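Overview (structure and organization)
Okay, here's what each chain looks like letter by letter:
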Amino acid sequence: MSTHVAFNLDDYEPVASRLDRFLKAHPDARVITDLVHYLSDVAVFKCELWLDGDIIATGWAEEIRGQGNVNKTSHLENCETGAVGRALANAGLSGSDFSKRPSREEMGKVQRMQGDTTVTEFSNLASDKQQNMIRAVCKSMGKVPPHNLQAMTKREASAYIDTLKAGETPAPTYDTPEEPF
């Protein structure tokens, strides 16, 4: 059973606003990002904030390709923005309310994940063989493969294949809209 925490995204400041305030206050600051891990569609970025030759804060973020609307097309960019947001929060730029330390983008990720009742391990995602089977069966039936194919679990993919083989049309699935990163 999952617990949903109610919150309003409008209560959280976007990374772009925090970054703008930081750079206006410190025009000589440096914001350095580094893609430190990328394997099997899992990206990890690190951000360093430099001021007067010293690192004043770091931030880390992780995103998985296909997990939510933004990550279907821009998971690397989203991940980098998340790392910048964490570094800015660690440097004390977390909005006017200290309890709103996460950025709007981070809370958007929480909102995306609240629909899940369990954490999906990457190894639990549909295999390439399952994804190729779904594509092939859909093509032979003149159907378009589901938009969330890469985010399906092995169990969801198996059920989808069984439905296709039975000649039925699987019910569409929809992602909830998100804030742009």
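Now for a look at the structure at hand. Keep in mind that what you see is a predicted model, and the values were worked out from it rather than measured.

**Considering the packing of helix 5 (residues 128–140) against helix 6 (residues 154–165)**
Packing of helix 5 against helix 6 brings their axes to within 10 Å, and their N-to-C directions diverge by 25°. On the basis of the axis angle, helix 5 is roughly parallel to helix 6. Pair helix 5 / helix 6 crosses with left-handed handedness. The residues of helix 6 that touch helix 5, namely those facing Q130, M133, I134, V137 and C138, are K154, A157, S158, Y160, I161 and L164. Along the lines of polarity and charge, the residues of the contact of helix 5 with helix 6 split into eight nonpolar, two polar and one charged.

**What to know about the sheet that holds strand 2 (residues 42–51)**
Adjacent strands of a sheet pair through backbone hydrogen bonds, lying either parallel or antiparallel. Read from one edge of the open sheet, three strands run 1-2-3, paired in antiparallel fashion. What marks the edges here is a single partner per strand, and that holds for strand 1 (30–39) and strand 3 (54–64). Adjacent strand axes in the sheet meet at a mean angle of 15°, parallel and antiparallel pairs treated alike. The sheet contact formed by strand 1 and strand 2 spans nine bridges and is antiparallel. In the sheet register, V31 faces strand 2, and the bridge partner there is L49. Against the sheet, helix 3 (residues 75–90) touches strand 1, strand 2 and strand 3, its axis set at about 145° to strand 3.

**Describing a nonpolar patch on the surface**
On the surface, L35, Y38 and L76 cluster together into a nonpolar patch covering about 220 Å² of accessible area. Structurally, L35 can be placed in strand 1. L35 sits in the partly exposed class, given a relative accessible area of 36%.

**Quick notes on the environment of C79**
Mapping C79 onto the fold places it in helix 3. Here C79 falls in the buried class, since its relative accessible area comes to 0%. In this structure, the C-alpha to C-alpha distance between C79 and R65, residues 14 residues apart in sequence, is 9.9 Å. Apart from residues no more than four positions distant in its own chain, C79 is found in contact with A43, V44, F45, A61, E62 and E63.

Quick notes on the rules
Residues numbered from 1 in each chain as written. Predicted model: local features only at pLDDT ≥ 70, side-chain atom pairs only at ≥ 80, totals over all residues. Heavy atoms only, no water. Axes fitted to C-alpha atoms, helices over the stretch in contact; angles between N-to-C directions. Helix = DSSP H or I, 4+ residues; strand = E, 2+ residues; numbered from the N terminus. Parallel < 35°, antiparallel > 145°, perpendicular 65-115°, else oblique. Left-handed = near helix turned anticlockwise from the far one by under 90°. Contact = heavy atoms within 4.5 Å. Nonpolar A, V, L, I, M, F, W, Y, C, P; charged D, E, K, R; others polar. Pairing = 2+ DSSP bridges. Patch = residues over 30% accessible without salt bridge, like charges linked within 9 Å, V, L, I, M, F, W, Y side chains within 5 Å. Areas by Shrake-Rupley, 256 points an atom, 1.4 Å probe, with all protein chains shown as cover. Salt bridge = Lys/Arg side-chain N within 4 Å of Asp/Glu carboxyl O. Buried < 20%, exposed > 50% of the residue type's maximum accessible area, 1.4 Å probe, protein only.

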